[in-house]
Amino acid sequence: MPMGIFRVCLVVITAIVNHPLLFPKENGTVPENTEEIIQKMKEREESLRLAKLRLEQEIAGQEAAQKALEKAAKVVEEIKEEKVPWDMWTALSMVIFLLIELWRQDFQEGNWQDTGAEEDDMAVLGKAFKGVAFPDKAILASFYEKRILGTTGDMARMREMVEGFADDLLEALRSVCNRDADMEVEDCMGVGSMYENWRVRKPFVCDLIVPFAPPEPYCFRSQIWCSGDSFPPDEQGYGTIKVCRADEDVTGCICDKTKLGEDMLCLLHSQGNTTRPSSEMEDLLCFKNTQYLDADQVMKWFQIAVTKAWNRISHKYEFDLSFSLLDSPGALKIKFRSGKSIAFNLTPVVQYENSDVYFISHFPWNGLEADLPSSTRWFLTFAVYERRFIQLISKTLPANACHISCLQILSFLHGKQCSLTGPSGLTNYHLKTVMLHLLQARPSQDWAPEKLEARLQDMLKFLEKCLHEKKLYHFFIGNGKVPAELGFPIIFQRAEPLNLFRPFVLHRDVYRKTVDTFHEMLRNTSALINEYTVHVPLAHTNGIHKESI
């Protein structure tokens, strides 16, 4: 545009400067042929006019083209200005949406980076079970008879021996304790797989619980997670035990919550009935500066008491007694002079109100918990009711029902697989819980002995489903269909169901290891059963069992 204007101006100025009429020479004369000169000048003027018109047209075309280019550039710039904010908000919205979606998946399933791999594993797991070459009824029956049935007599003899010795040991413990200051120990009770007749893996270990109570005038008052008190989600299934005087009001007096006037006196609590000093509460095995029973203090007291009791009666026996685990209150081992040994657990517990639910001081952890709860939090065990339920339901089943056989075979397979690939998050208690759920869900006739294969597959499918969903609910907690004959406390039936697989949501590495182990066990089921059926003679198996005690 500027160059075009400059060219026009240059042409005009040149024409004006060279025009003879406007700038005549000072000393010149007018030529004679004036008309001819005028005619030439007109022709010259006409040619300049035409050249000017051509230049004006050319400049006008250039100006139009320049304007068109500027207009197009302006439109493009406006489009860009409108498009950039739209692209920015679109990208920002997409980023926010993706972050929300990833957070939701991470919250539900754990680390979102492993979600795709986990879904693939689950898909393979479902297909793997369908392709399992499961042993037929004859092979299962032969396997059960040769590998598992022979252990029943060994368990009975071991239970009898351990119970007799435990009774003698507890009687000696009572004699060495101060009845006015020490805890009062009651008779022991057998619980777990050894007393439910389904343990198959060696070494056999008897589990005995020993209820104890504080000396007079004190008593235990408990609070559980489902009674309305505030317990975090990772402490569901726990409770606290408070040491109180027996004459204290159970519901609590308002005198310690309300400021009374100087001239007012609580008729229930005198000045002499004040809070006990810290040293006295520690003597009652409470946590420092509290009234709450401390599991660690109980463990130390029980180990010292058991040691004193054994020193009193050791001369009567021809074997040695020692603690096999120092972080468990009563993990004991009997060692004979021949080198053979028997292990059993003697664990102190506190009764919950008037029921057969017990607070257990130390529970055998399976490695799923990252941090153990406080020593004032006590785990509740329903082992006595579990044993009673199995005994009650067995009376309604056909003769020689296969429910115990299924649990024994499943426990054997899982134990063998763990010995090959390492431990997993599954425990025998999880396997027993699966059996309890199926016992309640299926009709009695479905547990006939000839249906062993079908029920074993049901247990595997149920366990696979629970692993896939990361949900295996406690059999008693939140179960409103518990038989009334058991006398089970209603407060636990009305509680929210307790998910035993909740740790799998928090510990994804353990979960993946558990899934892999279960997957491998399914593939090896037929091989393991055939191996122990074909290559283990009956006489040799019985001989091994007899030599183990």
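Residues numbered from 1 in each chain as written. Predicted model: local features only at pLDDT ≥ 70, side-chain atom pairs only at ≥ 80, totals over all residues. Heavy atoms only, no water.

A. Quick peek at the overall build of the protein chain. What the protein chain contains, in helices and strands, is 16 helices and ten strands. When the 549 residues of the protein chain are sorted by exposure, 39% land in the buried category. Summed over all atoms, the accessible surface of the protein chain reaches about 31,900 Å², with 56% contributed by carbon and sulfur. (Helix = DSSP H or I, 4+ residues; strand = E, 2+ residues; numbered from the N terminus. Buried < 20%, exposed > 50% of the residue type's maximum accessible area, 1.4 Å probe, protein only. Areas by Shrake-Rupley, 256 points an atom, 1.4 Å probe, with all protein chains shown as cover.)

B. Looking closely at the packing of aromatic side chains. Using the criterion set out here, one finds 28 aromatic pairs in the structure. Three or more aromatic residues joined by ring pairs form one cluster here, namely Trp225, Tyr352, Phe359, Phe382, Tyr385, Phe389, Phe475, Phe476, Phe488 and Phe492. Cation over ring: Arg159 sits above Tyr195, and NZ or CZ is 5.9 Å from the ring centre. Looking at Arg388, its charged tip hangs above the ring of Tyr385, at a distance of 5.8 Å from the centre. (Phe/Tyr/Trp six-rings, centres within 6.5 Å; stacked < 30°, edge-to-face > 60°. Lys NZ or Arg CZ within 6 Å of the ring centre and 35° of its normal.)

C. Representation of the confidence of the model for the protein chain within the structure. In the predicted model, the protein chain carries a mean pLDDT of 78, and the fraction of residues at 70 or more is 71%. This stretch, residues 535–549, has a pLDDT under 50; its non-local contacts, to residues over four places away or in other chains, come to 19 contacts. (pLDDT = per-residue confidence, 0-100. Contact = heavy atoms within 4.5 Å.)

D. Representation of the nonpolar core in the model. By size, the foremost hydrophobic cluster in this structure holds 110 residues, and its most contacted members are Leu169, Leu293, Phe344 and Leu346. Excluding anything up to four places from it in sequence, Leu169 contacts Val306, Ala309, Trp310, Ile313, Leu321, Leu332 and Leu346. Val191, Tyr358, Ile360 and Val384 belong to the second-largest nonpolar core, a separate cluster that totals seven residues. (Core = buried A, V, L, I, M, F, W, Y, C linked by side-chain atoms within 4.5 Å.)

E. Structural detail: the side chain of Asp356. Note that Asp356 resides in the loop between strand E8 (341–351) and strand E9 (358–360). The class of Asp356 is buried, set by a relative accessible area of 15%. A distance of 3.5 Å separates the side chain of Asp356 from the side chain of Tyr358, its partner in a polar contact. (Polar contact = N/O pair within 3.5 Å; in protein donor to acceptor, adjacent residues only side chain to side chain.)

F. Quick look at the packing of helix H10 (residues 403–421) against helix H12 (residues 452–469). Two elements in contact, H10 and H12, have axes whose closest approach is 9 Å; the angle formed by their N-to-C orientations is 55 degrees. By the angle between their axes, H10 is oblique relative to H12. With respect to the hand of their crossing, H10 and H12 are arranged in right-handed fashion. Counted together, Ser405, Cys406, Leu407, Ile409 and Leu410 of H10 and Leu452, Arg455, Leu456, Met459 and Leu460 of H12 form the full contact between these two elements. Broken down by class, the residue content of the contact of H10 with H12 amounts to eight nonpolar, one polar and one charged. (Axes fitted to C-alpha atoms, helices over the stretch in contact; angles between N-to-C directions. Parallel < 35°, antiparallel > 145°, perpendicular 65-115°, else oblique. Left-handed = near helix turned anticlockwise from the far one by under 90°. Nonpolar A, V, L, I, M, F, W, Y, C, P; charged D, E, K, R; others polar.)

G. Fine view of the pairing of strand E4 (residues 218–224). A large share of E4 lies buried, amounting to five of its seven residues. Two strands pair when backbone bridges link them, and E4 and strand E5 (residues 238–245) are joined in this way by seven bridges, in the antiparallel orientation. Bridging across to E5, Tyr218 finds its partner in Arg245. (Pairing = 2+ DSSP bridges.)

H. Focus on the side chain of Ser405. Along the chain, the position of Ser405 falls in helix H10. With relative accessibility at 11%, the residue Ser405 sits in the buried group. When neighbours within four sequence positions are excluded, Ser405 is seen to be in contact with Tyr144 and Leu452.

I. Highlighting the environment of Ala383. Mapped onto the fold, Ala383 is located in helix H9 (residues 383–394). Among the residues examined, Ala383 registers a relative accessible area of 12% and is labelled buried. Taking the C-alpha atoms as reference, Ala383 lies 9.2 Å from Gly190; in sequence the two are 193 residues apart. Among all residues touching Ala383, those that are not within four sequence positions of it are Val191 and Glu196.

J. Quick look at unusual backbone geometry. Across the junction of Lys202 and Pro203, the peptide omega takes the value 5 degrees, indicating a cis bond. By secondary structure assignment, the location of Pro203 is in the loop between helix H6 (193–196) and strand E3 (205–213). Residue Glu216 is joined to Pro217 through a cis peptide bond whose omega torsion reads 10 degrees. Take Pro217: it is sitting in the loop between E3 and E4. Phi is positive for Glu353, close to 50 degrees, though the residue is something other than glycine. Mapped onto the elements of the fold, Glu353 is located in the loop between E8 and E9. Residues other than glycine seldom take positive phi values, yet Asn400 does so here, at roughly 55 degrees. Assignment of secondary structure puts Asn400 in the loop between H9 and H10.

K. Representation of the state of the cysteines. Under the counting rule described, the total for this entry stands at zero disulfides. Between Cys406, a free cysteine, and Cys402, which holds the nearest cysteine sulfur, the sulfur-to-sulfur gap is 4.3 Å. Among the residues examined, Cys406 registers a relative accessible area of 0% and is labelled buried. (Disulfide = S-S within 2.5 Å.)

L. Looking closely at the pattern of salt bridges. As enumerated under the stated definition, the model contains 13 salt bridges in all. The partner of Glu196 in a salt bridge is Lys432, and the shortest N-O contact between them spans 3.2 Å. In this pair, Glu196 sits in helix H6 while Lys432 sits in helix H11 (residues 428–441), placing the two residues 236 residues apart along the sequence. Each member of the pair, Glu196 together with Lys432, is buried. Within this structure, Arg442, Asp446, Lys451, Arg455 and Asp458 form a network of salt bridges that share partners. (Salt bridge = Lys/Arg side-chain N within 4 Å of Asp/Glu carboxyl O.)

M. Looking closely at H10. Spanning 19 residues, H10 covers 27 Å between terminal C-alpha atoms, matching the ideal 27 Å at 1.5 Å per step. For H10, the buried fraction is high: 16 of the 19 residues fall into the buried class. Following H10 by one or two positions, Gly422 adopts a phi angle in the positive range, close to 100 degrees. (Expected span 1.5 Å × (residues − 1).)

N. Up close: helix H8 (residues 295–313). Taking 1.5 Å of rise per residue, 19 residues should cover 27 Å, and H8 covers 27 Å from first to last C-alpha, within 8% of that figure. For H8, every residue scored as buried is listed here: Ala295, Val298, Met299, Trp301, Phe302, Gln303, Ala305, Val306, Ala309, Trp310 and Ile313. By the N-cap criterion, in which a side-chain oxygen at the helix start approaches the backbone nitrogen of a residue two or three places on, H8 is capped by Asp294, the distance to Asp296 being 3.1 Å.

O. The packing of H9 against H11, seen in detail. Between H9 and H11, the shortest axis-to-axis distance is 12 Å and the interhelical angle comes to 40 degrees. Accordingly, the angle class assigned to the pair H9 and H11 is oblique. Crossing of H9 against H11: the hand is left-handed. Counted together, Glu386, Phe389, Ile390 and Ile393 of H9 and Tyr429, Lys432, Met435, Leu436 and Leu439 of H11 form the full contact between these two elements. Residues of the contact of H9 with H11, tallied by class, amount to seven nonpolar, no polar and two charged.

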